[in-house]
Amino acid sequence: MAVIHLGLPLRGLLQGQSRVEVEAATVRQLLDALEARFPGVRARLIRPDGGMREQVRLFVGDHDVRMLGGLEAQLEPGAEVRAIPVVRGGGLLDRSGRG
Amino acid sequence: MISIAAPLLDALVRHGRLAYPREACGALLGTERSGRKTVTAVRPLRNAAVGRERTGYEIDPAELLALERELDPQGPLIVGFYHSHVDRPGHPTPADLEHAWPAYSYVIVAVEGGWHTSASSWALHEKRGVLDEEVLEVPRPAAAAGGRVEA
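Residues numbered from 1 in each chain as written. Chains lettered and ligands numbered in written order. Predicted model: local features only at pLDDT ≥ 70, side-chain atom pairs only at ≥ 80, totals over all residues.

Student: For this particular structure, what's the right way to read the pairing of strand 5 (residues 80-85) of chain A?
Tutor: Along any regular strand, the residues point their side chains to alternate faces of the sheet. All names here are of chain A. The buried fraction of strand 5 is high, at 5 of 6 residues. Relative to strand 5, strand 3 (residues 56-60) runs antiparallel, the two being bridged by 5 bridges. Paired with R57 across the strands is I84, a residue of strand 5. (Buried ≥ 20, exposed ≤ 12 C-beta atoms within 10 Å, placed from the backbone. Helix = DSSP H or I, 4+ residues; strand = E, 2+ residues; numbered from the N terminus. Pairing = 2+ DSSP bridges.)

Spelled out as structure tokens, the structure:
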């Protein structure tokens, strides 16, 4: 059993829950199981082609799943997975044209 | 709508002024009920947009992960983020919109010449693909429940 924690933007899709326990041995299985229970969640976390979205990072424990093999990253029993939004933005291009 | 007690909003503004001419950023912690958010603490975070801090900001996902893990599941949650604009208006830029998530509030503090000029809060309207300005309520200390500015 693994646990996924999701922040405020995705809680509406989880009927208000912030954490969900899922039987899964890999991140892919976790997302599939989550999608089966809460349709629409997976598309928020990964692209249709299975790639990682630029707007979010998935962590297993302290590690970014991209460093662990992506969606095939293994989940130990009790693994904690968190979806962390990428937060960036700010002012405009400076006078040299660099952003 | 978002409510930020005056001392907490002052802390955001101060952070923006101190960071000038670089952009400041941080997280807003609090409660959310039926779309109404109340900020009870602010957490200044490092601007990880190294080399372009004058024109942008980025919060290190690892730092945000640490903050998420630190929060008590029964306590305040992250309800939004703030950042400053340096010598720019306090309106969201395309870069702000590109990475906006629904449900979060995004407070922008405009700092011009080292002095704060405005503070406003914005929320993503997903269907229209825009950041709409939302009501920013600023209760005075006597009316507010207090708040916490974290180091």
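Student: Would you mind going over the interface of chain B and chain A with me for this structure?
Tutor: Interfaces are often described in size by the accessible area the parts lose on coming together. Facing 32 residues of chain B, the contacting portion of chain A comprises 23 residues. If you list the elements that add at least two residues to the side of chain B that touches chain A, you get strand 4 (57-59), helix 2 (61-70), strand 5 (77-86) and helix 3 (94-98) of chain B. Counting residues per element, the side of chain B that touches chain A draws most heavily on strand 5 of chain B, at 7 residues. Looking at side-chain class alone, the side of chain B that touches chain A contains 17 nonpolar, 6 polar and 9 charged residues. (Contact = placed C-beta atoms within 7 Å. Nonpolar A, V, L, I, M, F, W, Y, C, P; charged D, E, K, R; others polar.)

Student: Looking at this structure, I do not really get unusual backbone geometry. What am I missing?
Tutor: One can expect most non-glycine residues to show negative phi and most peptide bonds to be in trans. Looking along the chain, the bond that leaves Y20 of chain B and enters P21 of chain B is cis, with omega of 10°. Mapped onto the fold, P21 of chain B is located in the loop between helix 1 (6-19) and strand 2 (25-33). In this structure, Q15 of chain A is a non-glycine residue whose phi angle is positive, near 55°. For D87 of chain B, which is not glycine, the phi torsion reads 55° and is therefore positive. Structurally, the position occupied by D87 of chain B is in the loop between strand 5 and helix 3.

Student: How do you make sense of the nonpolar core when you look at a structure like this?
Tutor: Nonpolar side chains in soluble globular proteins generally cluster together in the buried interior. Among the nonpolar cores identified, the biggest contains 62 residues, and V27 and L30 of chain A together with L12, L28 and V109 of chain B are the most heavily contacted of them. V27 of chain A has contacts with L58, V60, V65, L71, A73, L75 and V81 of chain A, leaving out every residue within four places of it along the chain. (Core = buried A, V, L, I, M, F, W, Y, C linked by C-beta atoms within 7 Å.)

Student: Would you take a moment to explain the sheet that holds strand 4 (residues 63-64) of chain A for this structure?
Tutor: Paired through backbone hydrogen bonds, the strands of a sheet run either parallel or antiparallel to each other. What the 5 strands build is an open sheet, ordered 2-1-5-3-4 (chain A); its pairing is mixed. The sheet is open, and its two edges are formed by strand 2 (19-22) and strand 4 of chain A, each paired on a single side. Bridge count between strand 1 (residues 2-5) of chain A and strand 5 of chain A: 3 bridges; the pairing is parallel. The partner of H5 of chain A across the bridge, within strand 5 of chain A, is R82 of chain A. Contacts from helix 2 (residues 27-37) of chain A reach strand 1, strand 2, strand 3 and strand 5 of chain A, with the element oriented near 110° to strand 2 of chain A. The sheet contacts of helix 2 of chain B involve strand 1, strand 3 and strand 5 of chain A, and relative to strand 5 of chain A the element is tilted by about 125°. (Axes fitted to C-alpha atoms, helices over the stretch in contact; angles between N-to-C directions.)

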